[in-house]
Amino acid sequence: MRNGSKVKVTVFHCINVFSEGDSRLAAKGENVELKFVRLPCSSLVKDVFLLRAFEAGADAVVVLVCPEGACRYVEGNLRAKKRVQWVRSLLDEIGMDGNRLALFNLPPGDSSDAKPIIQKVLAQIGTTPQAELSDRPPAGQA
Amino acid sequence: MTMESTSRLQKILSSGEFAVTAECGPPRGVDPEIIRKKGELLKGCVDAVNVTDNQTAIVRMSSIAACAHLVDMGLEPVMQMVTRDRNRIALQSDIMGAYSLGIKNILCLTGDHQTFGSQPDALNVFDIDSMNLVRTVKTMREEGRDMSGFELKGSPKMFIGAAANPFADPFEYRIIRLAKKIDAGADFIQTQCVYNLDRFKQWMKMAVDEGLTEKVHILAGVTPMKSAGMARYMAKRVAGMDVPENLIQRMGGVAKEKAPEEGLKICLETIAELREMEGVHGIHLMAIEWEEVVGEIVAGAGLMPRP
Amino acid sequence: MIVAEQKPMAEIKELVAPYKKVLILGCGTCVKTCFAGGEDEVAVMASALRLAFKVDGKEIHVEEQTVERQCEDEFIQESAPAIARNEAVLSLACGAGVQAMARRFKSTPLLPGVNTTFIGVLEKPGLFTEECSGCGDCKLAVFGGICPFTRCAKKLLNGPCGGSQNGKCEVSAETDCAWHLIIERLTALGQMDNLRTYIPPKNWRASLAAGPRRLFREDHVI
Ligand code: SF4
Ligand code: SF4
């Protein structure tokens, strides 16, 4: 299994939420590999980027955006939300649990604020790396 | 109105008599006994029996066949014909066929949309609209020609009806449409069920003012309600139906087993009002799957005996 | 424009299942505008298919390409090399595009990836509506610019049916009653006479009813 069966999480975040991600965020000893993708505005998170993150091996993808009503570009985070919803349904359709993708609103701060969110996502998807997914029944039927 | 057709309904209406017709839905099956039973219930208390054509887009025995069974019993049918399922070729052919079987009245309709019916996957036709169906029958009757102009060997002398819904929108346009149907050749008009008498009165007044009631016989649609549930359902779910809140309240205000009685009472009150209205030349009773009550209503309304 | 909608993934998966190498071919005209088959949608489809096959433990090789217009031979020629590298084409163009491809590439299986739905407009963001059914004998002038053949569920020519209520069609509460719109518009235009005029049955001969149509422009032939 890849990377010693590490669970990989890709975090897309708006630089207005925090500017630099800290990959040591996941508590030490946890079997998690974090990857951050900086976006000038969350609206730039196109559907194909989200899918490609999964293709690149992510077990979960998290999109962090400003609180609703606080987007610097007015509705960027709303667009991001709609797109995340659409990709979630697409993931469900192709048999990858849509819950592997989630969007959260976060007030500006530093990346440590994202820690509880990442923990929550990990708890939800379990810690099954994607590589083992094909051995499982498609999500939704499980 | 010409005297071209040979229907009894027409004779009654022309004589100034207040006409009574009732609706009869063919069965979802092949048994003619069902039609005969309904016919038996209606015999003697109505002037003509109106037979639906795959009503609400649910597949049933054909209107023509059911009408023919009624003719055999000595009843006079009004054949409904919708443009939903047949193109102009089939429509004209069926009109001639129906007339050859002794069917002398036709009610030209567009029909309920198939998506409401039992087979929503069906393709619809709508080759011509009901207005053009009216005109087609009229041309066949009066000029003895089909739509291509071909001279027919004998023409269907049918009494032509069309529908009108005073309760649909846009209200002002409803009278223009009525006038168009009369121009196209409608001899009689059957309206949507009347519950909202105020709106109906308003519509009738407009028809009278436009001089339309001089040119056409208007038969007001009447449907007795069986329950408060039915009243609510019609108000909410049936397109183009207008059941005022006070009637729903009235139906709901009595004990469940008393509801049919209340429904009949409302029905008789409505008929009494309709008879007083200028331009209303008769009623059309739509007691759907409740045909046994028709005799009671007609008698209760003081419309017996029939001519 | 021609409006189309992507087929459900389950159906697409089934269509491409027999092949190991598939070219996903988009079209940069109508289907791009309605977000069904432009470059972006091709990219998403490619990624989604790869993931879907991975989930099933299968392999697929997909190649992406988008041509300017798939319904024009001149533009589809450029896909020839990519087609040669693949076993089948999943086309995200409208039905005309798929068939134009079938004409040119005689031995390549062509799979439709979208359902071509109608000729329509973008009424407001995210909402496309059907406006014309290409009847071949346009009568919009009589109806104030609103087509009852297309937008009235019963193709009525002489006014609204009895089910029109509050401006909505009886068939769907989400759809405007075409006749309501026609009346509004003719009233605004002061063309009330058109409402009173009897409109004869439509001549369907100019439409698909008489079989597939062709348009020949002599002046464009040398
Ligand atoms: S009349 Fe015919 S060509 Fe004109 S909009 Fe309607 S369907 Fe299209
Ligand atoms: S409600 Fe309007 S659009 Fe719908 S079928 Fe009736 S007339 Fe046509």
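## Focus on the overall build of chain B
For step 1, the next point in the chain: Scanning chain B from N- to C-terminus turns up eleven helices and eight strands.
For step 2, the next point in the chain: Relative to the compact-globule value of 19 Å for 307 residues, chain B shows a C-alpha radius of gyration of 18 Å, a close match.
For step 3, the next point in the chain: Referenced to the eigenvectors of the C-alpha coordinate spread, the extents of chain B come out at roughly 60 × 45 × 40 Å.
For step 4, the next point in the chain: Within the span of chain B, comprising 307 residues, buried residues form 58% of the whole.

## Some thoughts on the side chain of aspartate 53 of chain B
Residue and element names in this part refer to chain B.
For step 1, the next point in the chain: Along the chain, the position of aspartate 53 falls in the loop between strand E2 (48-51) and helix H3 (63-72).
For step 2, the next point in the chain: Taking relative accessible area as the criterion, aspartate 53 reaches 4% and is therefore assigned buried.
For step 3, the next point in the chain: Looking at aspartate 53, its side chain comes within polar contact range of the side chain of asparagine 54, at 3.2 Å.
For step 4, the next point in the chain: Each residue touching aspartate 53, except ones within four places of it in the same chain, is listed here: Ser63, Gln80, Met81, Val82, Arg84 and Arg86.

## Quick word on the site of ligand 2
For step 1, the next point in the chain: The environment of ligand 2 is made up of Arg151, Cys152, Ala153, Lys154, Leu156, Pro160, Cys161, Ser164, Cys169, Glu170, Cys177 and Ala178 of chain C.
For step 2, the next point in the chain: Assessed atom by atom at 2 Å from the grid points, ligand 2 resides in the largest cavity.

## Comments concerning empty space enclosed by the protein
All names here are of chain C.
For step 1, the next point in the chain: Counting across every chain of the model gives four cavities of 30 Å³ or more.
For step 2, the next point in the chain: Considered as a void within the structure, the largest cavity measures approximately 110 Å³ in volume.
For step 3, the next point in the chain: Lining the largest cavity are 14 residues, and of these Cys152, Ala153, Cys161, Cys169 and Cys177 sit closest to its centre.
For step 4, the next point in the chain: Along the lines of polarity and charge, the residues of the lining of the largest cavity split into ten nonpolar, one polar and three charged.

## Remarks on the packing of helix H8 (residues 228-237) of chain B against helix H9 (residues 245-252) of chain B
Residue and element names in this part refer to chain B.
For step 1, the next point in the chain: Contact geometry of H8 with H9 gives a least axis separation of 8 Å together with a crossing angle of 160°. The orientation of H8 with respect to H9, classified from their angle, is roughly antiparallel. Crossing of H8 over H9 shows left-handed handedness. Contact residues: H8 offers Ala228, Ala231, Arg232 and Ala235, while H9 offers Ile248, Met251 and Gly252.
For step 2, the next point in the chain: Residue composition of the contact of H8 with H9, grouped by class: five nonpolar, one polar and one charged.

## Comments concerning unusual backbone geometry
Comment: phi is negative for the bulk of residues other than glycine, and the bulk of peptide bonds are trans.
For step 1, the next point in the chain: Residue proline 170 of chain B follows aspartate 169 of chain B across a cis peptide bond; omega there is -15°.
For step 2, the next point in the chain: Structurally, the position occupied by proline 170 of chain B is in the loop between strand E5 (159-164) and helix H6 (171-184).

## A closer look at the packing of aromatic side chains
For step 1, the next point in the chain: Scanning the model with the defined rule gives eight aromatic pairs over all chains in all.
For step 2, the next point in the chain: Relative to phenylalanine 128 of chain C, the ring of phenylalanine 35 of chain C has its centre 6.3 Å away and its plane inclined at 70°; by these criteria the two rings are edge-to-face. Within this pair, whereas phenylalanine 35 of chain C is found in the loop between helix H2 (30-33) and helix H3 (39-55), its partner phenylalanine 128 of chain C is found in strand E7 (residues 127-132), the two being separated by 93 residues in sequence.
For step 3, the next point in the chain: One Lys or Arg, arginine 135 of chain B, reaches over the ring of tyrosine 198 of chain C and ends 3.6 Å from the middle of that ring.

## A few points about the pattern of salt bridges
Should their charged atoms come close, side chains of opposite charge can pair.
For step 1, the next point in the chain: Counted under the stated rule, the structure contains 34 salt bridges over all chains.
For step 2, the next point in the chain: We note a salt bridge from arginine 38 of chain A to glutamate 20 of chain A, for which the minimum N-O separation is 3.7 Å. Of the two residues, arginine 38 of chain A sits in strand E2 (residues 32-39) while glutamate 20 of chain A sits in the loop between strand E1 (7-14) and E2, which places them 18 residues apart along the sequence.
For step 3, the next point in the chain: Looking at arginine 38 of chain A, the relative accessible area reads 45%, which means it is partly exposed.
For step 4, the next point in the chain: The partner of glutamate 33 of chain B in a salt bridge is arginine 36 of chain B, and the shortest N-O contact between them spans 2.8 Å. Pair noted here: glutamate 33 of chain B and arginine 36 of chain B are both in helix H2 (residues 32-42), with a separation of three residues, about one helical turn.

## Some details on the interface of chain A and chain C
For step 1, the next point in the chain: Taken together, the contacts link 14 residues of chain A with 16 residues of chain C.
For step 2, the next point in the chain: Taking both partners together, chain A and chain C bury about 1400 Å²; carbon and sulfur atoms supply 61% of that area.
For step 3, the next point in the chain: Where chain A touches chain C, the interface holds three salt bridges.
For step 4, the next point in the chain: At the junction of chain A and chain C, the tally comes to three residue pairs in polar contact (both at pLDDT 80 or more).
For step 5, the next point in the chain: Of all the secondary structure elements, the ones that give two or more residues to the side of chain A that touches chain C are helix H1 (47-55) and helix H2 (76-93) of chain A.
For step 6, the next point in the chain: At six residues, H1 of chain A tops the list of elements feeding residues into the side of chain A that touches chain C.
For step 7, the next point in the chain: Broken down by class, the residue content of the side of chain A that touches chain C amounts to six nonpolar, three polar and five charged.

## A short note on the sheet that holds strand E2 (residues 21-27) of chain C
All names here are of chain C.
For step 1, the next point in the chain: The strand order across the open sheet built from four strands is E3-E2-E4-E5, with neighbouring strands paired in parallel fashion. Each end of this open sheet is capped by a strand with a single partner; those strands are strand E3 (61-67) and strand E5 (110-112). Strand-to-strand, the axes of this sheet are offset by a mean angle of 25°, without reference to chain direction.
For step 2, the next point in the chain: Where E2 lies against strand E4 (residues 88-91), four bridges are found, and the strand directions are parallel. Its bridge partner being in E4, isoleucine 24 is matched across the sheet by leucine 90.
For step 3, the next point in the chain: With respect to the sheet, helix H6 (residues 95-104) is in contact with E2, E4 and E5, its orientation differing from that of E5 by roughly 175°.

Conventions used here
- Residues numbered from 1 in each chain as written.
- Chains lettered and ligands numbered in written order.
- Predicted model: local features only at pLDDT ≥ 70, side-chain atom pairs only at ≥ 80, totals over all residues.
- Heavy atoms only, no water.
- Helix = DSSP H or I, 4+ residues; strand = E, 2+ residues; numbered from the N terminus.
- Rg over C-alpha atoms; globule rule 2.2 N^0.38 Å.
- Buried < 20%, exposed > 50% of the residue type's maximum accessible area, 1.4 Å probe, protein only.
- Polar contact = N/O pair within 3.5 Å; in protein donor to acceptor, adjacent residues only side chain to side chain.
- Contact = heavy atoms within 4.5 Å.
- Near = heavy atom within 4 Å.
- 1 Å grid on protein atoms, 1.4 Å probe; cavity = no way out; pocket = protein on both sides within 12 Å on 5 of 7 lines; lining within 4 Å.
- Sits in = over half its atoms within 2 Å of the grid points.
- Points joined across faces, edges and corners; volume = space filled by probe spheres on them.
- Nonpolar A, V, L, I, M, F, W, Y, C, P; charged D, E, K, R; others polar.
- Axes fitted to C-alpha atoms, helices over the stretch in contact; angles between N-to-C directions.
- Parallel < 35°, antiparallel > 145°, perpendicular 65-115°, else oblique.
- Left-handed = near helix turned anticlockwise from the far one by under 90°.
- Phe/Tyr/Trp six-rings, centres within 6.5 Å; stacked < 30°, edge-to-face > 60°.
- Lys NZ or Arg CZ within 6 Å of the ring centre and 35° of its normal.
- Salt bridge = Lys/Arg side-chain N within 4 Å of Asp/Glu carboxyl O.
- Buried area = accessible area lost by both parts, 1.4 Å probe.
- Pairing = 2+ DSSP bridges.

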